[in-house]
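# Working through the structure, step by step
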Amino acid sequence: MEFDPARYDREVIGPLRGRRGRLPDGDLRVRYAVEPGMDRAALEQRLRKVRTYWNQKASGPAAQAATGVCKRLLAADEELKRTAGSAMLDPAWWEQQATAYRQRARGALDGLVRDLHDSYGGSGRVTPGQLAAIVAHHQATFDHDQLDQAVRQAKLVVVEPVELPADSGMERTAYRTLTENLGIAGASTIVHLLHPDLREPFRLCAGFAVPGRPELTLTAEVVRARSAAENAAADSPVVRARKAALVALRTAADRGVALAGIALFQVAEQVRQGRAAGLADRLLVRTAVDLGLTPEDAELLVLSMPATVSATTTPADQVRELLGQGELRTAAQRLAAVPAEHADRETLRREIAAAEQRVVELLDQVDQALAADREEAAEQLLLQALAVATDDDALAARLRRLRPPPPQDLRVHPGAPTVLSWARPATERTELRYRVVRGDGDPPATPQAGTLVAETTEPTAADPEPPVGAHCGYAVFAAGESGAWSRAVTATALLTPPVGEVTVLATPHEVTLAWRPHPATVAVRVRRTESRRPDDADDGVLLRAELTGLTDTTVQQGHDYHYSLVAVYRDPVGRQVTSAMVVVTAAPRPRARPVESLTVEPVRAVGNRVRVRISWLPQPGIRVRIRRADTPPPWPVGATVHEPALDGYGVEVTGAPADADGRCVLEADVPQGFHVYLPLAVGGEGTIVGRPVTQGTAAPVERLRAQRAGDQVSISWVWPGTVSLAEVTHARDGCPDEVFQVSRSRYLHEKGCRLTADDRPARVSVVGIAVGPAGRSRSPAVCCDVPGRPGRLAYTVERLAGLRNRFSPRRALAVTAERDCAVAHLVVVARAGPVLPVRPDQGRELLRVSDVEFGAGQTRRFEFDLPRELSRPYWIRCFVDPPAGVVLRDPPVDQLKV
């Protein structure tokens, strides 16, 4: 193989960068890129190229790390040439160096195992950085396989450290308020605030999770539910503290701050204090466990925390820290404690003056924004001022008094009642209330004008009896803690409610429609289109309808019809005005039966989604639709449901069903998680609800590997975050499948999954299972092959017995099998010279036997002749070609070398 400078730089120069002291006592063959089987000419060429590479790198800029490494390699090379001389061109000398290195490496590896066990055996974990640091103390080089072996022998697991948050993600003032109120409420972290009845330990390093209780989460919904519970509790100082803490958490959650990150920061903050005080790691782990973490998460947190020691702070340092935390007023007071002769006093004074000037400038901009009715900008400017001076009570009071910006995007939905909805104002404040008023024609200009519709804390309201057929103006105002009303968001609408509660009944020969009109309705116009939805209220054939329904007898079986319904009203001057149209569909067909045979199964992962196969038994002449939702359907099996109601439940599973073995089969990609699949049979008398199926689709495991060691097979994989259980299937030809389940905690405790295998190849598949409130969800299976146990052969090369064979070139190859195996080719070669052949093509072929089978314990003999012209010394060696699946053990060297 040609010398590869890039590979040499990566594998030899790279590990030596930054390493001080003498070069490690490693494998000289690696240092000189010497490969097995090189003769004198190849050795001479390789040594020349390596030394040229060293000289080129050593003459580079001194700042480059490779320059210093190559200078040290050149110096060591000069010493080696002085002691070894021309022996470096002898292949046998390199074999001796390799043997000596293997002996040294065994001792160095034993020392590495002892050091790893002594340093990290207590926790059973070591990070890649810690492993690299302890390896650097050993004057030897280890490849990846040796490092893996050392870690296993020391009974350790290499874990990646978690990145601990540097801050809570909340504003400093809000976090300080949260911490103070948690202390009053007696909660160590927000986990104990949101789940006060929690007694089990929880995890935080990879997101919040309580083993065995996947229903417990840290989300904005949990904060709102906890807030509702506290609002219903009797008043007390503890309850008030909990409410204040929950308000701070709700604000943080609305801004997108991860609540699990806040909890992890709280635990890490308290552990850091113990680290700064010099506590031992086992005490820090106990601190994290006392705060609620599982022992495994506590060990990982402490393992990931850098060893830092806090220094004693001076008054000047305190002023700097206060300025950095935005406590301007306190910093100005503490400046008096800094001695006048202190070198930094004047600098600190100027920084405080600049911060005070910044607050003044921001307050001027607040006044300008309010004068221009830009409340959102005024609020942001006040928040910036508070960030500079979080301890300024006057600023906080002004922010509380500030009127909020107006609500946004007011929409009016005519009906009985008429529903109004809007978006909350663009404000950081969470506690808002709204006042909704109605005017005749134009919206009211003030909260006190017009007709009061509602006062609410939710962004929606209902007007139960608005004037129908007339234009109405609505205005919505918002108020915060101070009670000052905002400017209004307005909308004007012509109130013409559409017909409601439309029902459709279709038989093979007629369609009957019924609906509920508003009391002010004077007529209902109905038009019909065939095989397509109407474009507008004037599209289609006009049908004669009563005020509450009609029967259409001019339909044909097997056709799809669409009916548009428009309610007609009179405005205050007697003119006709119409509502928005309502469209329903009817299909004259036989009556459908509910689908009872639906099945859903995951097939494979498709990115972050899962392909599922949905199938059911067909009904002649009946179309079946499938809807997917996150909740069970509100209708019982066999109920008749019409289009408007169906549109509000889940989403349609699209695709063209195929016929497979008498069943309709539909494949679709769906998000991971639990889903309810509802079959709907569309028949002549309506859409019939079938029996729903709940099916969860979990994320599949990743990086599945199977490694055989004799009869034992070690299986490993990477767990997805939501999966807590795995189903393992061990399949072998001629044997029933072995199926068992492994929990995530058992897998981590036993450092993997192990099973016993026989000599045959096998196949392992793993299905991830996520356990949730709705049941268990299964992932698509991930598979890998387990190689069969390799056959083992041992051989000897012997002279033939008898005096007459003493000088005969005839030899015998005796091959013994430890277990049943078969080989494609058995090859014997001879090679003259001192270098042992390592491949069949490196010698002269003397014997080739094909398609040889061996029974366990069986010895087979094969005779061959040595060439008389073969000069000593020479080697005789046997090979299996190809070598896959068979291990061939050589006899002692004195039998191989002549």
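Whatever comes next refers back to the structure up there.
Since we're looking at a predicted model, the values are computed, not measured. (Residues numbered from 1 in each chain as written. Predicted model: local features only at pLDDT ≥ 70, side-chain atom pairs only at ≥ 80, totals over all residues. Heavy atoms only, no water.)

## Topic: the nonpolar core
Spelled out, the test is: In plain words, nonpolar cores are sets of buried Ala, Val, Leu, Ile, Met, Phe, Trp, Tyr and Cys residues tied together by side-chain atoms within 4.5 Å. Any residue under 20% of the maximum accessible area for its type is buried, any over 50% is exposed, and the rest in between are partly exposed; the area is computed with a 1.4 Å probe on protein chains only. In DSSP terms, a helix is any run of H or I states spanning at least four residues, a strand is any run of E spanning at least two, and both are numbered starting from the N terminus. Should any heavy atoms of two residues lie within 4.5 Å, those residues are considered in contact.
Residues Leu178, Phe208, Leu249, Leu259, Ile262 and Leu301 are the most contacted members of the largest nonpolar core, which totals 49 residues. Of all the secondary structure elements, the ones that give two or more residues to this core are helix H8 (172-185), helix H9 (190-194), helix H10 (220-231), helix H11 (237-254), helix H12 (259-276), helix H13 (281-290) and helix H14 (295-304). Ranked by the residues each element gives to this core, the list is headed by H12, at nine residues. Apart from residues no more than four positions distant in its own chain, isoleucine 262 is found in contact with Ser168, Met170, Leu178, Ile190, Leu249, Ala252 and Val257.

## Description of the packing of helix H18 (residues 375-388) against helix H19 (residues 393-401)
For the record, the criterion: Simply put, an axis is a line fit to the C-alpha atoms, just over the touching stretch for a helix, and the angle between two N-to-C directions goes from 0 to 180 degrees. In this scheme, roughly parallel covers angles under 35 degrees and roughly antiparallel covers those over 145, while 65 to 115 is roughly perpendicular and the rest are oblique. Two helices cross in a left-handed way if the nearer one is turned anticlockwise from the farther one by less than a right angle. They cross in a right-handed way if the turn is clockwise. Following the grouping adopted for this structure description, the nonpolar residues are Ala, Val, Leu, Ile, Met, Phe, Trp, Tyr, Cys and Pro, the charged ones are Asp, Glu, Lys and Arg, and the polar ones are all others, Gly among them.
Across the interface, H18 lies against H19 with an axial gap of 10 Å and an inter-helix angle of 160°. Here H19 runs roughly antiparallel to H18, going by the angle between their axes. Between H18 and H19 lies a crossing of left-handed hand. In this structure, H18 contributes Glu379, Leu382, Leu383, Ala385 and Leu386 to the contact, and H19 contributes Leu395, Ala396, Arg398 and Leu399. Among the residues forming the contact of H18 with H19, the class breakdown is seven nonpolar, no polar and two charged.

## Side note on the sheet that holds strand S29 (residues 712-718)
Quick note on the threshold: Pairing between two strands requires that DSSP report at least two bridges joining them.
An order of S28-S29-S32 is seen for the three strands of this open sheet, with the pairing classed as antiparallel. Each edge of the open sheet is held by one strand with a lone partner, namely strand S28 (702-709) and strand S32 (753-756). In this sheet, neighbouring strand axes are inclined to one another by 20° on average, regardless of whether the strands run parallel or antiparallel. For S29 and S32, the ladder comprises four bridges, and the chain directions are antiparallel.

## Considerations on the packing of aromatic side chains
Worth spelling out the cut-off: Pairing of aromatic side chains requires ring centres within 6.5 Å, counting the rings of Phe and Tyr and the six-membered ring of Trp. Pairs whose planes differ by under 30 degrees are stacked, by over 60 edge-to-face, and all others tilted.
Applying the stated criterion across every chain yields a total of 13 aromatic pairs. Pairing tyrosine 175 with phenylalanine 265 gives two aromatic rings, centres 5.5 Å apart and planes at 65°, and the pair type is edge-to-face. Residue tyrosine 175 is found in helix H8, and its partner phenylalanine 265 is found in helix H12; the two are separated by 90 residues along the sequence. Accessibility expressed as a relative area gives 10% for tyrosine 175, which makes it buried. Taken together, a centroid distance of 4.7 Å and an interplanar angle of 35° make the contact between tryptophan 717 and tyrosine 747 tilted. Taken together, the residues tryptophan 717 in strand S29 and tyrosine 747 in helix H21 (residues 744-749) connect sequence positions 30 residues apart. By way of ring pairs, the aromatic residues Tyr32, Trp54, Trp93 and Trp94 are connected into one cluster.

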